[in-house]
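These are the residues of each chain, in order.
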Amino acid sequence: MTVFRVLGMTCSHCVGFVSEELEAVAGVESVKVDLSTGLITLRTDRPIDPAEIRTAVEAAGYEVEP
Amino acid sequence: MLIFDGMSDLSAREFVADFYESFTREVVAGADAAAVVDRYYTPDIEQVADGVTLDRQRLIDHLRPVRKNVVSCTYDVHEAIRTGNRLAARFTIHAETRRGRTISTEVYMFGELAPDGRIRHTTQATRDVSAP
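Right, let's walk through the structure included here.

What counts, and where the lines are drawn
- Along every chain, residues carry numbers that run from 1 in the direction the sequence is written.
- Working convention: letters from A go to chains and numbers from 1 go to ligands, in the order in which they are written.
- Local features are withheld for residues below a pLDDT of 70 in this predicted model, meaning they are given only at 70 or higher, and side-chain atom pairs are given and counted only at 80 or more; totals for whole chains, interfaces and linings count all residues.
- Remark: hydrogens and water are excluded; side-chain values derive from all non-hydrogen atoms of the structure.
- To pair, rings of Phe, Tyr and Trp, with the six-membered ring standing in for Trp, must have centres within 6.5 Å; the planes then decide the type, stacked if under 30 degrees apart, edge-to-face if over 60, and tilted in the middle.
- In this analysis, strands are considered paired if DSSP registers two or more bridges between them.
- Strands are runs of DSSP state E lasting at least two residues, helices are runs of H or I lasting at least four, and both sets are numbered from the N terminus onward.
- The axes are straight lines fitted to the C-alpha atoms, using for helices just the contacting stretch, and the angles between their N-to-C directions are given from 0 to 180°.
- The contact criterion used throughout is that any non-hydrogen atoms of two residues lie within 4.5 Å.
- Definition used for salt bridges: Asp or Glu carboxyl oxygen within 4 Å of a side-chain nitrogen of Lys or Arg.
- A simple rule labels every residue: compare its accessible area, found with a 1.4 Å probe on the protein chains alone, to the largest value its type can have, and call it buried under 20%, exposed over 50%, or partly exposed in between.

### Brief notes about the packing of aromatic side chains
- In total, this model carries nine aromatic pairs over all chains according to the counting rule given.
- Members of the aromatic cluster, connected to one another through ring pairs, are F15, F19, Y20, F23, Y40, Y41, Y75 and F91 of chain B.

### Remarks on the sheet that holds strand β3 (residues 70-83) of chain B
All names here are of chain B.
- Read across the sheet, six strands follow the order β2-β1-β6-β5-β4-β3 without closing on themselves; strand pairing throughout is mixed. Both edges of this open sheet fall to β2 (52-54) and β3, since each of them pairs with a single strand only. Strand-to-strand, the axes of this sheet are offset by a mean angle of 20°, without reference to chain direction.
- Packing against the sheet, helix α2 (residues 33-40) makes contact with β1 (41-49) and β6 (119-128), and its axis sits at approximately 90° to β1.

### Some remarks on the pattern of salt bridges
Residues and elements named next belong to chain B.
- As enumerated under the stated definition, the model contains 14 salt bridges over all chains in all.
- A salt bridge links R39 to E26, with the shortest nitrogen-to-oxygen separation between them at 2.5 Å. On the criterion of sequence distance, the pair formed by R39 in helix α2 and E26 in helix α1 (residues 9-29) is long-range, its members being 13 residues apart.
- A salt bridge links D38 to R56; its shortest N-O distance comes to 2.8 Å. Of this pair, D38 sits in helix α2 while R56 sits in helix α3 (residues 56-69), and the two are 18 residues apart along the sequence.
- Given the relative accessible area of 26%, R56 is considered partly exposed.

### Some points on the pairing of strand β5 (residues 102-113) of chain B
All names here are of chain B.
- As judged from the 11 bridges shared by strand β4 (residues 86-97) and β5, these two strands associate in the antiparallel manner. Across the sheet, residue R90 finds its bridge partner in β5, namely Y108.
- Where β5 lies against β6, nine bridges are found, and the strand directions are antiparallel. Residue pairing for β6: L113 is matched across the bridge by I119.

Laid out in structure tokens, this is it:
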């Protein structure tokens, strides 16, 4: 399980945009987003390179908290 | 005596549909985000959605990812009431993303309008009603 915070999400569409990109990352089985905190929990079937996560989040137009 | 100074439900529904469809069309088309926001919202806009508050700048910032991800957007306005500067509506937004998915969100909105028809304040609760 991987947990990180994404900055800039403000509505349920933001949640959908970010989830869609993360679900497309190889190895990601599920994405859970808490809009109020920005925390995202990934369930994965293998370790995921943080750079891949960052790339996916940025592709959706948001940023991973440093 | 009952006094009612509101729009008909149909007119209120048309107002809400026209407002959001026109706003989104301009956003997706790539118009200057600040200029678009200023055409539809007053400078002191406060939009509270699911407990998250957006002021003018945060609303403008929000348009960048919307523009990046949304290909098209339609609004089904199920019901709406407008009385003077007060507006209430229940509607569903269907946003088609660049990956081909449709994100559907039902919105319960209460709002306040400026005299020129721009939105000054809204409080919204939303729920995801996307097809599985």
